[in-house]
Amino acid sequence: MKLNQLLPTVAVAALLLTSTVGLAKRKHTVKIQNGLLWMDTEGRSVQAHGGNIIRHNGRWWLIGEDRSSSWNPDVNLYSSKDLQTWKFEGKVLENGVTHPELGRTRMIERPKLMYNKTTRKFVIWCHWEAKDYSASEAGVFESDAITGPYKTVWTGRPLDTKSRDCNIFQDIDGTAYFISTTDENTNLGLFKLSPDYHQAVSKTLLQEGQRREAPAIVNIDGLYYMISSACTGWDPNQAKLTTSRSLESGWTPLENIGDRIAFDTQASSILTIQGTQGTTYIYVGDRWMDPDLPNSKIIMLPIEFENGKMVLRWRESWTLDLKRGTWSD
Ligand code: GAL
């Protein structure tokens, strides 16, 4: 081939290379747009409310309530490489399939997914409830693969405690906790889990008499931060923050964080994005659209720190650099 014949080929190859590099560069910077309904890769609304997001095999996995139709949501799983393009991976807990009582006398709320490094299993803890919230139980499910099938491990009241709205917290050393609103929405119960995450082995009451729910905890350099809401059903209220050096004791008095209605959200989890230049902590909240629950939105806000204090501000949109672990307006 003569040089003048080769040149166009080289030019095309160079162009392709530049645009691929450009794409790769762009890909790790994502614009988070708040207030819109997320759509999945099949063009359907992302139904994963009250859940959490974990990192596994180079992807983020979002689990949550499918509020698209009934009082008793199925539990959906989605995966994403960039926290923006979400692929529906299937229903991981399903009415009439996973458990004979699911969808009959029981429903699931706030499903939370964890990976247990020791057993190499995926474990879901959730609120396991009757239609009128009288059961006050928790449910535990487990699978070898993140996508399922999940089998029931146990359902009931953890350590005989009436337990409702809930979350999980996995500490840096792998110890996991189930944290739920106990005793008719009066206290928060912090339940330490067995090494296999199958059962609660100890209980500590936190925020006694404070009537908190939707607790989301993160450990930042040995300081635990907990954001929670008051118990006002689907209606938003003032989120409050407390911190402690120990999970079991020493929590500071509750302080307001965010605006009067938590920017019309209720906390579902705090997501940690660790990158080459830093770490971004993301407040993930549900904007419940009761009575139009299928239209509920997932809101993501970058957590800021000012003079050592955690601060939450409303942002309609912001930019996250997934590779660097940094964010900007
Ligand atoms: C909220 C709770 C939700 C759901 C709802 C029902 O307070 O966080 O998970 O239980 O009440 O009204």
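Anything mentioned here points back to the structure above.
Worth saying up front: this structure is predicted, and the values here are computed from it rather than measured.

Calculation rules
Residues numbered from 1 in each chain as written. Predicted model: local features only at pLDDT ≥ 70, side-chain atom pairs only at ≥ 80, totals over all residues. Heavy atoms only, no water. Helix = DSSP H or I, 4+ residues; strand = E, 2+ residues; numbered from the N terminus. Buried < 20%, exposed > 50% of the residue type's maximum accessible area, 1.4 Å probe, protein only. Contact = heavy atoms within 4.5 Å. Near = heavy atom within 4 Å. Polar contact = N/O pair within 3.5 Å; in protein donor to acceptor, adjacent residues only side chain to side chain. 1 Å grid on protein atoms, 1.4 Å probe; cavity = no way out; pocket = protein on both sides within 12 Å on 5 of 7 lines; lining within 4 Å. Sits in = over half its atoms within 2 Å of the grid points. Pairing = 2+ DSSP bridges. Axes fitted to C-alpha atoms, helices over the stretch in contact; angles between N-to-C directions. Phe/Tyr/Trp six-rings, centres within 6.5 Å; stacked < 30°, edge-to-face > 60°. Lys NZ or Arg CZ within 6 Å of the ring centre and 35° of its normal.

As for the environment of P111
Then, number 1: Take P111: it is sitting in strand β6 (residues 107-116).
Then, number 2: On the accessibility criterion, P111 (0% relative accessible area) is buried.
Then, number 3: Here the alpha-carbon distance between P111 and E255, two residues 144 residues apart in the chain, equals 27 Å.
Then, number 4: Apart from the residues lying within four places of it in its own chain, the contact partners of P111 are H49, G50, G51, N52, I63, G64, E65, V75, I124, W125 and C126.

Section: the site of the ligand
Then, number 1: Taken together, the neighbourhood of the ligand is formed by E109, R110, Y133, D165, E213, G233, W234 and Q266.
Then, number 2: Here G233 contributes a backbone N or O atom positioned 3.0 Å from an oxygen atom of the ligand.
Then, number 3: One of the side-chain nitrogen or oxygen atoms of Q266 is found 3.0 Å away from an oxygen atom of the ligand.
Then, number 4: Here the ligand is seated within the second largest pocket.

Focus: the sheet that holds strand β12 (residues 187-193)
Sheet strands line up and pair through hydrogen bonds in the backbone, either parallel or antiparallel.
Then, number 1: The strand order across the open sheet built from four strands is β10-β11-β12-β13, with neighbouring strands paired in antiparallel fashion. At either margin of the open sheet sits one strand with a lone partner, and together these are β10 (163-170) and β13 (200-206). Across the sheet, the mean angle separating the axes of adjacent strands is 25° when strand polarity is ignored.
Then, number 2: With six bridges joining them, β10 and strand β11 (residues 176-182) adopt antiparallel strand pairing. Considered in β11, the bridge of Q170 is made with A176.

Here we look at the side chain of T280
Then, number 1: Position of T280 among the secondary structure elements: in strand β19 (residues 279-287).
Then, number 2: A distance of 2.8 Å separates a polar side-chain atom of T280 from the backbone oxygen of G325.
Then, number 3: For T280, the contacting residues outside a window of four places in its chain are L271, T272, I273, L320, G325, T326 and W327.

Thoughts on the packing of aromatic side chains
Then, number 1: In this structure the tally under the stated criterion is 14 aromatic pairs.
Then, number 2: Seen from their ring centres, Y281 and F305 are 6.3 Å apart, and the 80° between their planes marks the pair as edge-to-face. Of this pair, Y281 sits in strand β19 while F305 sits in strand β21 (residues 304-306), and the two are 24 residues apart along the sequence.
Then, number 3: Residue classification places F305 among the partly exposed positions, given a relative accessible area of 35%.
Then, number 4: One aromatic cluster is present, built from ring pairs that chain together W125, W154, F178 and F191.
Then, number 5: One cation-aromatic arrangement involves R55 over W60; the distance from NZ or CZ to the ring centre is 3.9 Å.

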